[in-house]
Amino acid sequence: MATIRDVAKAAGVSIATVSRALNGSTHLSVQTQRKVLAAAEELGYQKDRLAAAMRTGRSGTIGLVVGDIMNPFYAMLAHCVERAVHSHATSLLLSNAHEDEKSYENGIRALAKQGVDGLLVVPPSRIAPGWIHPEATDGLPMVALDREAPGAAIPSIVIDSANAMQDMAEHLCSLGYSRPAYLAGPEFCIAGKRRAEKLQEKLASSGFSHLEIEYCLHEAVSAASAARCILSLYRPDIIICASNQIALGVLMIAKSLGIQLGADLGLVAIDDVPWFSVISPAITVIDQPVDKLANLGVTVLMKQIFGASYTPKPGDCLIAGEAAFIPRESTKEPQPSAQYAGRWLP
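Residues numbered from 1 in each chain as written. Predicted model: local features only at pLDDT ≥ 70, side-chain atom pairs only at ≥ 80, totals over all residues. Heavy atoms only, no water.

Caption draft 1: Structural context of empty space enclosed by the protein. Tallied over the entire structure, the rule returns two cavities of 30 Å³ or more. As a volume, the second largest cavity reaches approximately 60 Å³. Forming the walls of the second largest cavity are Pro123, Pro124, Ile127, Trp131, Arg147, Glu148, Pro150, Cys189, Ile190 and Ala191. Residues of the lining of the second largest cavity, tallied by class, amount to eight nonpolar, no polar and two charged. (1 Å grid on protein atoms, 1.4 Å probe; cavity = no way out; pocket = protein on both sides within 12 Å on 5 of 7 lines; lining within 4 Å. Points joined across faces, edges and corners; volume = space filled by probe spheres on them. Nonpolar A, V, L, I, M, F, W, Y, C, P; charged D, E, K, R; others polar.)

If you want it as structure tokens, here you go:
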């Protein structure tokens, strides 16, 4: 069985350097860390995690409390976080919060009891008015991803979608859309409210006088019900969806009512999924760089765990990258059919 000395010899580094690399230290160069990990893998070296935990006080595991693993965006986020965590020779433990505040709090407590070295969390969208984010347990490092944590003194990592929203607003205006509607997600989600306000601002700056807003869960069935309501009462010519799951609900109701997307009704989704680009019509999206979100989140958390000289202050909000507007076939010049323009939608 290979030993740590064997790995050090194969990699051409000291035993101390091997130890730091295998423990995910941020003080080594990427090249050195990769060299050590490659040598360890080639030799089949397995670190004794129990002995390492007793010696260092760290378990070599990171916890992730994700919004809802059924949402393709968060499934991809979990995938990217796991890949980034593994680059630090660390393992990932996952808890699914189902976008529910109680499940979220239970997930944080459960992972803390498992002895993780730090937590990455996606605060839930489905919260009661006045809900306050739980504080970290016993000083456990914690970083919020995608959404800020209301009332919590922890750093947050988010994507800046302002420029993408501006590009979308100008695109819709140039095509002649005039009655936009927004399916915004749950009503009491702070991040969702801020996104709605930002969207209103960008649409107004491009000449739109009104944005009709309807709230729903980030679930297809809830979104389909909200879409039916807004189509009946407001008759928009373009619907903007706060997530790909909400967009799926609009696709369901459009099919059931015989509405032709791209002609009768425009559609934009925030967050891309692979099948959006291959269905007909292909769905226009605001795409968020989930890999950058995961990578920066893991980097910030590792800096906290290992006591790096610079770490974000509690409550800081860091930008991982910018979203990109990708126009496709679901937004083109509105051409509602006589059947759609004149029909009553139940």
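Caption draft 2: How the structure looks around the packing of helix α5 (residues 72-86) against helix α11 (residues 290-306). Relative to each other, α5 and α11 sit at 45°, their axes nearing to 8 Å. Viewed along their axes, α5 and α11 adopt a mutual orientation that is oblique. Here the hand of the crossing between α5 and α11 comes out right-handed. Facing α5, whose interface residues are Phe73, Met76, Leu77, Cys80, Val81, Ala84 and Val85, α11 presents Val290, Asp291, Leu293, Ala294, Asn295 and Val298. (Axes fitted to C-alpha atoms, helices over the stretch in contact; angles between N-to-C directions. Helix = DSSP H or I, 4+ residues; strand = E, 2+ residues; numbered from the N terminus. Parallel < 35°, antiparallel > 145°, perpendicular 65-115°, else oblique. Left-handed = near helix turned anticlockwise from the far one by under 90°. Contact = heavy atoms within 4.5 Å.)

Caption draft 3: Quick look at the environment of Lys313. When you line up the elements, Lys313 lands in the loop between α11 and β11 (317-322). For Lys313, a relative accessible area of 57% puts it in the exposed group. (Buried < 20%, exposed > 50% of the residue type's maximum accessible area, 1.4 Å probe, protein only.)

Caption draft 4: Seen up close, unusual backbone geometry. Cis rather than trans, the peptide bond between Ser280 and Pro281 has omega equal to 0°. Within the fold, Pro281 resides in the loop between β9 (266-270) and β10 (284-287). Backbone geometry at Asp146 places phi at a positive 75°, although glycine is not the residue there. Of the residues examined, Asp146 reaches a relative accessible area of 15% and is grouped as buried. A positive phi angle is found at Asp271, which is not glycine, with a value near 90°.

Caption draft 5: How the structure looks around the packing of aromatic side chains. One pass over the structure, following the stated rule, counts two aromatic pairs. Ring geometry for Phe73 versus Tyr74: centroids 5.1 Å apart, planes at 80°, classification edge-to-face. Given a relative accessible area of 7%, Phe73 falls into the buried group. Between Trp275 and Phe276, the aromatic rings sit 4.6 Å apart at their centres with planes inclined by 75°, giving edge-to-face as the arrangement. Across the ring face of Tyr234, the terminal group of Arg179 is positioned such that the distance to the ring centre comes to 4.1 Å. (Phe/Tyr/Trp six-rings, centres within 6.5 Å; stacked < 30°, edge-to-face > 60°. Lys NZ or Arg CZ within 6 Å of the ring centre and 35° of its normal.)

Caption draft 6: Region of the structure containing the sheet that holds strand β4 (residues 142-145). Pairing within the open sheet is parallel, and its six strands lie in the order β2-β1-β3-β4-β5-β11. Two strands bound the open sheet, and with one partner strand each, they are β2 (91-96) and β11. Between one strand and the next, the sheet's axes are offset by a mean angle of 25°, whatever the strand orientation. With five bridges connecting them, strand β5 (residues 156-160) and β11 associate as parallel partners. Paired with Val158 across the two strands is Ile319, which belongs to β11. (Pairing = 2+ DSSP bridges.)

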